[in-house]
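Chains, contacts and geometry: an overview
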Amino acid sequence: HPQVESRQVIQALHQHRESGKRVLFLRGDTLVQADGHHSVDLVNLSDLPGPVRQLSPDVLLAAVGAASALGLDIDTITTGLNTFDTSASERRVPA
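Report follows, based on the coordinates. (Residues numbered from 1 in each chain as written. Predicted model: local features only at pLDDT ≥ 70, side-chain atom pairs only at ≥ 80, totals over all residues. Heavy atoms only, no water.)

What follows covers the sheet that holds strand S2 (residues 30-35). Two modes of strand pairing occur in sheets, parallel and antiparallel, and in both the strands are linked by backbone hydrogen bonds. Strand order in the open sheet made by the three strands is S1-S2-S3, with antiparallel pairing throughout. In this open sheet, the two strands that pair with only one neighbour each are strand S1 (22-27) and strand S3 (38-44). Neighbour-to-neighbour, the strand axes of the sheet open up by a mean angle of 25°, direction not taken into account. Here six bridges tie S1 to S2, and the two strands are oriented antiparallel to one another. Paired with Arg-27 across the bridge in S2 is Thr-30. Most of the contacts of helix H3 (residues 57-69) go to S1, to which it runs at about 150°, and overall it touches S1, S2 and S3. (Pairing = 2+ DSSP bridges. Helix = DSSP H or I, 4+ residues; strand = E, 2+ residues; numbered from the N terminus. Axes fitted to C-alpha atoms, helices over the stretch in contact; angles between N-to-C directions. Contact = heavy atoms within 4.5 Å.)

What follows is the structure, encoded as structure tokens:
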């Protein structure tokens, strides 16, 4: 049942955060990083460039979480989100 799963996820995030560990979540249209009693609004999704806005929220949260786990700071992560461009990957290199 989706509501039960949602409550379980929220409870797990709350416990993880209260133990001082980092969590990422969406508060409305804002991507938030939090640990303990401290939270930082990273970016408003509507302010991101088109290619990033087209990502599902799960993919965006996973990408930001991976970047954070690898030790990238918040400024680097938000700069990457705000400058993400897929045009280079769409170009073909001649064989």
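What follows is about the nonpolar core. Formed by Leu-24, Leu-31, Leu-42, Val-43, Leu-45, Leu-48, Val-52, Leu-60, Val-64, Ala-67, Ile-77 and Leu-81, the largest nonpolar core amounts to 12 residues. Every element with two or more residues in this core is listed here: S3, H3 and helix H4 (74-83). Top contributing element to this core by residue count: H3, with three residues. Residues within four places of Val-52 in sequence aside, it is in contact with Leu-60, Leu-81 and Phe-84. (Core = buried A, V, L, I, M, F, W, Y, C linked by side-chain atoms within 4.5 Å. Buried < 20%, exposed > 50% of the residue type's maximum accessible area, 1.4 Å probe, protein only.)

In this section: the layout of surface pockets. Approximately 210 Å³ is the volume found for the largest pocket. Surrounding the largest pocket, Ser-6, Val-9, Ile-10, Leu-13, His-14, Arg-17, Glu-18, Val-23 and Phe-25 form its lining. If you list the elements that add at least two residues to the lining of the largest pocket, you get helix H1 (2-18) and S1. Per element, the largest residue contribution to the lining of the largest pocket is seven residues, and it comes from H1. Broken down by class, the residue content of the lining of the largest pocket amounts to five nonpolar, two polar and two charged. (1 Å grid on protein atoms, 1.4 Å probe; cavity = no way out; pocket = protein on both sides within 12 Å on 5 of 7 lines; lining within 4 Å. Points joined across faces, edges and corners; volume = space filled by probe spheres on them. Nonpolar A, V, L, I, M, F, W, Y, C, P; charged D, E, K, R; others polar.)

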